[in-house]
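Survey of secondary and tertiary structure
Chain residues, written in single-letter form:
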Amino acid sequence: MKSILSFVASMVIFGTIGAVIRFIDLPSCEIALFRGVIGVLCLFPALLLTNRKCLLRDFAANLFVLILSGAALAGNWILLFEAYRNATIAIAALCYYTAPVMVMILSPFILKEKFSMLKAGCIGVTLIGMILVVRVDQNYNEPYNHVLGIVYGISAAVCYAALMILNKFLKRLNGLETTVPQLFLASLILLPYVLLTGMMKPILHIDMSLVLLIVLGFVHTGVGFLLFFIGIQGLKAQKISVLSYLDPLTSVVISLFIFEEQMTLTQMAGAFLICGATLTGTVNW
């Protein structure tokens, strides 16, 4: 029960990220930078408590893959935050949640995994779902650029798919041992980018944004990942795949009932197809 509650709590926390991003008046790259820094500060003590020998040697052995995955994580966050700002939370979350299907498409070529008819069917259904979701009625009197938001959301999914595939190549590192260096390297990659592009906006004079930025780093990164790692230790892969749907479901509920963002029946049908196809493809029935 502890594992289930921990994992469910982490999914709900991750599902509220879009709502928090809406109220942070900072560039997406700066939000990603500070989220990574605060996340490292939160998770590093937990990593030290493991006191595992040869950890530094394992970090060094996986350094190249960790750098690539850190870059993928940095790009993933920036693009996802932009998606939340340019489209409704529901549409951004659904576009982002196509990442597992992208992994299905790439895994036979990169990971040499078997490509079954079931996976082919899931990919086809997901594409149909995406077509239904992206058919946005631009007549809605909403302050969104849905087309741009969808592009950002799908691009974020590509980065997340790359991150998932790169993680397959990591050796002798568990979830916490993988996440901490990835957060650190993502922050290290983002720092010169933010400084050189002149997108570093002062945060000390932005009261609400500063508070929410700390919440995003501490709760949505530090606490969220710790609960996630505690949860997956006691759960089987099939149950994890099913419970993972609480993440996009939380985003959709927040979008529809708290922000009162419109979603047509056609888009709801597309959402059902995307989630159903991803569930079918990722669960080992």
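Summarised in this report is the structure supplied together with it. (Residues numbered from 1 in each chain as written. Predicted model: local features only at pLDDT ≥ 70, side-chain atom pairs only at ≥ 80, totals over all residues. Heavy atoms only, no water.)

Overview of the environment of Leu176
Relative to the helices and strands, Leu176 resides in helix α10 (residues 175-196). As a C-alpha pair, Leu176 and Leu226 span 50 residues in sequence and 7.9 Å in three-dimensional space. Once you skip the residues sitting within four places of it in the chain, Leu176 turns out to touch Leu43, Ala46, Leu47, Thr50, Pro181 and Phe229. (Helix = DSSP H or I, 4+ residues; strand = E, 2+ residues; numbered from the N terminus. Contact = heavy atoms within 4.5 Å.)

Digging into the nonpolar core
In this structure, Ile17, Ile21, Ile24, Ile31, Phe81, Tyr84 and Leu216 are the most contacted members of the largest nonpolar core, which totals 57 residues. Considering every element that reaches this core, the biggest residue donor is helix α5 (residues 63-86), with 12 residues. The contact partners of Ile21, leaving out residues within four places of it in the chain, are Ile31, Phe81, Tyr84, Arg85 and Leu216. Core analysis: the second largest hydrophobic core is formed by 15 residues, Ala90, Tyr97, Ile274 and Cys275 among them. (Core = buried A, V, L, I, M, F, W, Y, C linked by side-chain atoms within 4.5 Å. Buried < 20%, exposed > 50% of the residue type's maximum accessible area, 1.4 Å probe, protein only.)

Focus on the pattern of salt bridges
Any two side chains of opposite charge can pair, on the condition that their charged atoms come close. Across all of its chains, the model carries four salt bridges by this definition. The salt bridge partner of Asp58 is Arg52, with a shortest N-O separation of 2.9 Å. Between Asp58 and Arg172 there is a salt bridge, and its shortest N-O distance comes to 2.9 Å. You can see Asp58 sitting in helix α4 (residues 55-61) and its partner Arg172 sitting in the loop between α9 (146-167) and α10, a full 114 residues away along the chain. For Asp58, a relative accessible area of 2% puts it in the buried group. Overall, Arg172 belongs to the exposed group, its relative accessible area being 55%. Here the residues in one salt-bridge network are Arg52, Asp58, Arg172 and Glu177, joined through shared partners. (Salt bridge = Lys/Arg side-chain N within 4 Å of Asp/Glu carboxyl O.)

Quick look at the environment of Ile165
When you line up the elements, Ile165 lands in helix α9. Considering only alpha carbons, one finds Ile165 and Ser69, 96 residues apart in sequence, at a separation of 9.0 Å. The contact partners of Ile165, leaving out residues within four places of it in the chain, are Val103, Leu106, Ile110 and Leu111.

Considerations on the packing of aromatic side chains
Across all of its chains, the model carries seven aromatic pairs by this definition. Each residue in the set Phe7, Phe14, Phe225, Phe228 and Phe229 is aromatic and connected to the rest through ring pairs, giving one cluster. Here Arg22 stacks its cationic end above the ring of Phe259, 5.5 Å away from the centre of that ring. (Phe/Tyr/Trp six-rings, centres within 6.5 Å; stacked < 30°, edge-to-face > 60°. Lys NZ or Arg CZ within 6 Å of the ring centre and 35° of its normal.)

Some thoughts on α10
Taking 1.5 Å as the rise per residue, α10 with 22 residues should run 32 Å; its terminal C-alpha atoms sit 32 Å apart, in good agreement. Backbone nitrogen of Leu176 and a side-chain oxygen of the N-cap are separated by 3.2 Å at the start of α10; the cap is Asn174. (Expected span 1.5 Å × (residues − 1). Polar contact = N/O pair within 3.5 Å; in protein donor to acceptor, adjacent residues only side chain to side chain.)

Considering helix α1 (residues 2-15)
Its 14 residues place the ends of α1 20 Å apart at the C-alpha level, agreeing with the 20 Å of an ideal helix rising 1.5 Å per residue. Among all positions in α1, only Ser3, Ser6, Phe7, Ser10, Met11, Ile13, Phe14 and Gly15 are buried. Where the residues of α1 are buried, they touch α2 (17-21), α11 (207-233), α12 (237-243) and α13 (246-258).

Considering the packing of α1 against α13
When two helices pack together, you describe them by how their axes are tilted relative to each other and by the distance separating the axes. Where α1 meets α13, the axes come as close as 7 Å, and the angle between the chain directions of the two elements is 45 degrees. Between α1 and α13, the crossing angle belongs to the class labelled oblique. For the crossing formed where α1 meets α13, the hand is right-handed. Across the interface between the two elements, Val8, Met11, Val12, Phe14 and Gly15 from α1 touch Leu246, Asp247, Thr250, Ser251 and Ile254 from α13. Residues that form the contact of α1 with α13 fall into these classes: six nonpolar, three polar and one charged. (Axes fitted to C-alpha atoms, helices over the stretch in contact; angles between N-to-C directions. Parallel < 35°, antiparallel > 145°, perpendicular 65-115°, else oblique. Left-handed = near helix turned anticlockwise from the far one by under 90°. Nonpolar A, V, L, I, M, F, W, Y, C, P; charged D, E, K, R; others polar.)

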